[in-house]
Number of protein chains: 2
Amino acid sequence: MNNNEFVCRELNLRQTASFLKKHDNYIILTHASPDGDTLGSAYALYYGLKEIGKIASVICPDLIPGKYGYFARETDHVPDDENATIVTVDVADKRLLGSLCELFGERVDLSIDHHISNTSFAKNLYLDANASATAESIYELLDEMKVNINTITAKALYTGIATDTGCFKYSNVTAKTHIIAAALYEFDIKADEINRIMFDTKSRKLLELERMVLDTAEYHFDNRCIVLAVTAEMQKKTGCSGPDLEGIAVISRSVEGVLAGVTIKQTNDEEFKISLRTYEPLNAAKICKALGGGGHNAAAGATVHGNLESVKNQVLQSIKECMEEIDAGTCTAE
Amino acid sequence: MNNNEFVCRELNLRQTASFLKKHDNYIILTHASPDGDTLGSAYALYYGLKEIGKIASVICPDLIPGKYGYFARETDHVPDDENATIVTVDVADKRLLGSLCELFGERVDLSIDHHISNTSFAKNLYLDANASATAESIYELLDEMKVNINTITAKALYTGIATDTGCFKYSNVTAKTHIIAAALYEFDIKADEINRIMFDTKSRKLLELERMVLDTAEYHFDNRCIVLAVTAEMQKKTGCSGPDLEGIAVISRSVEGVLAGVTIKQTNDEEFKISLRTYEPLNAAKICKALGGGGHNAAAGATVHGNLESVKNQVLQSIKECMEEIDAGTCTAE
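Residues numbered from 1 in each chain as written. Chains lettered and ligands numbered in written order. Predicted model: local features only at pLDDT ≥ 70, side-chain atom pairs only at ≥ 80, totals over all residues. Heavy atoms only, no water.

A. A look at the sheet that holds strand 2 (residues 26-29) of chain A. All names here are of chain A. In space, the 6 strands of this open sheet follow the order 1-6-5-4-2-3, with parallel pairing throughout. Whereas interior strands pair on both sides, the edge strands pair on one side only; in this sheet they are strand 1 (9-10) and strand 3 (56-59). Taken together, the 4 bridges between strand 2 and strand 4 (residues 85-89) define a ladder with parallel strand orientation. Its bridge partner lying in strand 4, Tyr-26 is registered against Thr-85. Of the strands in this sheet, strand 2, strand 3, strand 4 and strand 5 (110-113) touch helix 2 (residues 36-51), which is tilted by about 170 degrees from strand 3. Packed onto the sheet, helix 4 (residues 134-144) meets strand 4, strand 5 and strand 6 (124-127) and runs at close to 115 degrees relative to strand 5. (Pairing = 2+ DSSP bridges. Helix = DSSP H or I, 4+ residues; strand = E, 2+ residues; numbered from the N terminus. Contact = heavy atoms within 4.5 Å. Axes fitted to C-alpha atoms, helices over the stretch in contact; angles between N-to-C directions.)

Here's what the structure looks like:
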């Protein structure tokens, strides 16, 4: 919802390119808990704007993980004054600016995004919901602006696209995604090295956590549901926290025959965060709504209170109803 | 080595396309322990030849895993007589025909391959060592032959390319790989479903085996080497064998900071198969050669006799010498 005083103007590709050429003194903002797409988009835009003589700066609300160091470098300092042009990339809502929301949330000049859920919080919006990643749009914008792309820009763009598509695995990939990837391969991007860092590198502590979590695996409903638990003790013992834990839910959805993958992460003494991954006809959002949470059809979450056993039982009860609908042939994926 | 009585003739793309148009009654052979590329290539070629009115058959030396059922269908029966044209796809050496080697090994009319190590065992060879997958070459051949591609052909081709590149992750990917993928996306291939089957589906027994294997993880040489063990007992307990075990070596190479990932699989009472994955400057082939095995710079293997402890010590001793060279600054990756 847009509570700003202005009306958000939707721009097309040409208009956005012309906006970027006309303005200067850019402050480019990423979303909090930055990922490959928001960072890749921000830096590619940064390098592109520098290429045409603009002054620009990238600001991330959180620390940028070291693994992005091959393209995320020190940028200019742009004074935050009336001459600054504020641009967000891959940010669907001003609240996702995290610690920067208060300072910039109401004054974003241009939002470049691919989330259909974008809340039109900026004065101008370039939204391509068919783009697999915001980086895909940045590529097209730089192309439209006839800006020279160089190797580091290509690396940033490739990173954005690869990370948001699970390396071209997911349903958001289109023919265009591959055509842009092919164009980026014309530069010496060493995509295999990027992919190794992004997809095939696990910390030792995470491997240790995975071992512990696999020990907790429980199967229910004729093996159509797997439950994995990540207790506070495991997190403490291994030193894994927050972002480290994101990969665990992926395990739960990869087991053959499983329709519901449940990950129960302890977040406090009597508080657990449920991550649910489902396949049709099960609907994760529907199940999590019953638990006071929400999300997408295939991936949703909820926060549930109690001890591990009682939380598990609440989740299983909620899934049970849907499983019974499947068995009775009355389940719909809506 | 080619011990045949004929000289292998190397064809270019145009000549190979013309060969395929000229002949008929095709028996298309895959390699043993079939993977996505040999099967995708064989079936795409099959569907393409059918499209131009040829009679053709696909024969695989081993059972085709059910997961390829979305493109691997029943083919024609082509009598194995003097009129048959024998074509192999993705087969680098006649011995890789396995159970079909004796019958067909000496009489292959055309070999279509992308392995630089191809032993020129066929009468005619189309070899593109720059192709990420043989399926890439099949796509180009069908295109050169102006054969209509349909959805099932596109699915087979996509499967070959995706599986041989780790879904566009590895260093064998080129701009051309992505351009072909883009062309295949013009068909309703449902690539995300293919990728889910090929990359994100694990059997419950494999998950159980992984749990057991992670329990055996040992680190050596300042955490630069991880050793994982797969005992006969684990294989028996979980029911995992042969192809199931291939993913385990992948775990060993994904740990942050690890230069040498060792997987020790028990193959018999006092016999273990070593899979070694290395990063530069370590050289897997060199280390495995010292153990009586061999392979590539980054992935090699050996068979070592003894009990688990003694085998582990032999491997570690062999790695130790290279680690010491690294520490002394005298290690070269050759």
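B. Expanded view of the environment of Glu-233 of chain A. Residue and element names in this part refer to chain A. For Glu-233, the position within the fold is in helix 9 (residues 232-238). The class for Glu-233 is exposed, based on a relative accessible area of 56%. Each C-alpha atom, one on Glu-233 and one on Ser-310, is 18 Å from the other, the two residues being 77 residues apart in sequence. (Buried < 20%, exposed > 50% of the residue type's maximum accessible area, 1.4 Å probe, protein only.)

C. The arrangement of the relation of the copies chain A and chain B in detail. Its rotation angle being 180 degrees, the transformation that places chain A on chain B also includes 0.0 Å of axial translation and leaves an RMSD of 0.1 Å. One copy is carried onto the other by what is essentially a two-fold rotation axis. A high fraction, 100%, of the interface residues of chain A reappear at the interface in chain B, so the copies pair face to face through one surface. (Least-squares fit on C-alpha atoms with pLDDT ≥ 70 in both.)

D. Representation of the pattern of salt bridges within the structure. Within this structure, the stated rule accounts for 36 salt bridges over all chains. Between Glu-233 of chain A and Lys-237 of chain A there is a salt bridge, with the nearest N and O atoms lying 4.0 Å from each other. Note that Glu-233 of chain A and Lys-237 of chain A are positioned in helix 9 at a spacing of 4 residues, about one turn of the helix. Judged by relative accessible area, Lys-237 of chain A falls into the exposed class, the value being 61%. Notably, a salt bridge pairs Arg-224 of chain B with Asp-327 of chain B, separated by 3.0 Å at the nearest N-O pair. Within this pair, whereas Arg-224 of chain B is found in the loop between strand 7 (218-220) and strand 8 (225-230), its partner Asp-327 of chain B is found in helix 12 (residues 308-328), the two being separated by 103 residues in sequence. Taking the relative accessible area as the measure of exposure, Arg-224 of chain B reaches 17% and is therefore buried. By relative accessible area, Asp-327 of chain B is classed as exposed at 53%. Here the salt bridges do not stand alone but share partners, grouping Glu-208, Arg-211 and Asp-215 of chain A together with Glu-208, Arg-211 and Asp-215 of chain B into one network. (Salt bridge = Lys/Arg side-chain N within 4 Å of Asp/Glu carboxyl O.)

E. How the structure looks around the sheet that holds strand 3 (residues 56-59) of chain B. All names here are of chain B. Spatial strand order, 1-6-5-4-2-3: 6 strands in an open sheet with parallel pairing. Looking at which strands have only one partner, the edges of the open sheet turn out to be strand 1 (9-10) and strand 3. Together, strand 2 (26-29), strand 3, strand 4 (85-89) and strand 5 (110-113) form the strand contacts of helix 2 (residues 36-51), whose direction differs from that of strand 3 by roughly 170 degrees.

F. Here's a closer look at the interface of chain A and chain B. Taken together, the contacts link 40 residues of chain A with 40 residues of chain B. For the chain A and chain B pair, buried surface summed over both sides reaches about 3500 Å², with 59% attributable to carbon and sulfur atoms. The interface formed by chain A and chain B holds 4 salt bridges in total. One salt bridge connects Arg-211 of chain A with Asp-215 of chain B, and the closest N-O pair in it is separated by 2.6 Å. Where chain A touches chain B, the interface holds 15 residue pairs in polar contact (both at pLDDT 80 or more). Where the side of chain A that touches chain B is concerned, the elements lending two or more residues are helix 6 (175-184), helix 7 (191-199), helix 8 (204-215) and helix 10 (246-253) of chain A. (Buried area = accessible area lost by both parts, 1.4 Å probe. Polar contact = N/O pair within 3.5 Å; in protein donor to acceptor, adjacent residues only side chain to side chain.)

G. Region of interest: the side chain of Ser-254 of chain B. Here Ser-254 of chain B shows up in the loop between helix 10 (246-253) and strand 9 (260-268). The exposure class assigned to Ser-254 of chain B is buried, which follows from its relative accessible area of 9%. For Ser-254 of chain B, the residues in contact, after removing those within four places along its chain, are Asp-200, Thr-201 and Lys-202 of chain A.

H. Representation of unusual backbone geometry in the model. All names here are of chain A. That bond from Glu-280 to Pro-281 is cis: its omega, 5 degrees, falls within 30 degrees of zero. As for its placement among the helices and strands, Pro-281 is situated in the loop between strand 10 (271-278) and helix 11 (284-289). Backbone geometry at Ser-33 places phi at a positive 45 degrees, although glycine is not the residue there. By relative accessible area, which is 59% here, Ser-33 ends up exposed. One non-glycine residue, Asp-90, lies in the positive phi region at around 65 degrees. Secondary-structure assignment places Asp-90 in the loop between strand 4 and helix 3 (101-104).

I. Broad picture of the nonpolar core. With 110 residues, the main nonpolar core has Tyr-158 of chain A together with Tyr-158 of chain B as its most contacted residues. Once residues lying within four places of it in the same chain are set aside, the contact partners of Tyr-158 of chain A are Cys-167, Phe-168, Leu-184, Tyr-185, Ile-189, Ala-191, Ile-194 and Asn-195 of chain A together with Phe-168 of chain B. Grouped together as the second largest cluster of nonpolar side chains are 34 residues, Val-213, Tyr-219 and Ile-248 of chain A together with Val-230 of chain B included. (Core = buried A, V, L, I, M, F, W, Y, C linked by side-chain atoms within 4.5 Å.)

J. Summary view of the packing of aromatic side chains. A complete count under the given rule lists 17 aromatic pairs over all chains for this structure. Seen in terms of ring centroids, Tyr-43 of chain A and Tyr-47 of chain A are 6.2 Å apart; in terms of plane orientation they differ by 40 degrees. Their pairing is tilted. With Tyr-43 of chain A and Tyr-47 of chain A both in helix 2 and 4 residues apart, the pair spans about one turn of that helix. Tyr-47 of chain A matches Tyr-43 of chain A in its accessibility class, with the two residues each being buried. Ring geometry for Phe-168 of chain A against Phe-168 of chain B: centres 5.8 Å apart, planes inclined by 65 degrees, an arrangement best described as edge-to-face. Residue Phe-168 of chain A is found in the loop between helix 5 (151-164) and helix 6, and its partner Phe-168 of chain B is found in the loop between helix 5 (151-164) and helix 6 (175-184); the two belong to separate chains. Comparing Phe-168 of chain A with Phe-168 of chain B shows no difference in burial state: the two are buried. Put simply, the rings of Tyr-43, Tyr-46, Tyr-47, Tyr-68, Tyr-70 and Phe-71 of chain A pair up and form one aromatic cluster. Sitting over the face of the ring of Tyr-279 of chain B, Arg-196 of chain A holds its NZ or CZ atom 3.1 Å from the ring centroid. Sitting over the ring of Tyr-219 of chain B, Arg-204 of chain A keeps its end group 3.6 Å from the ring centre. (Phe/Tyr/Trp six-rings, centres within 6.5 Å; stacked < 30°, edge-to-face > 60°. Lys NZ or Arg CZ within 6 Å of the ring centre and 35° of its normal.)

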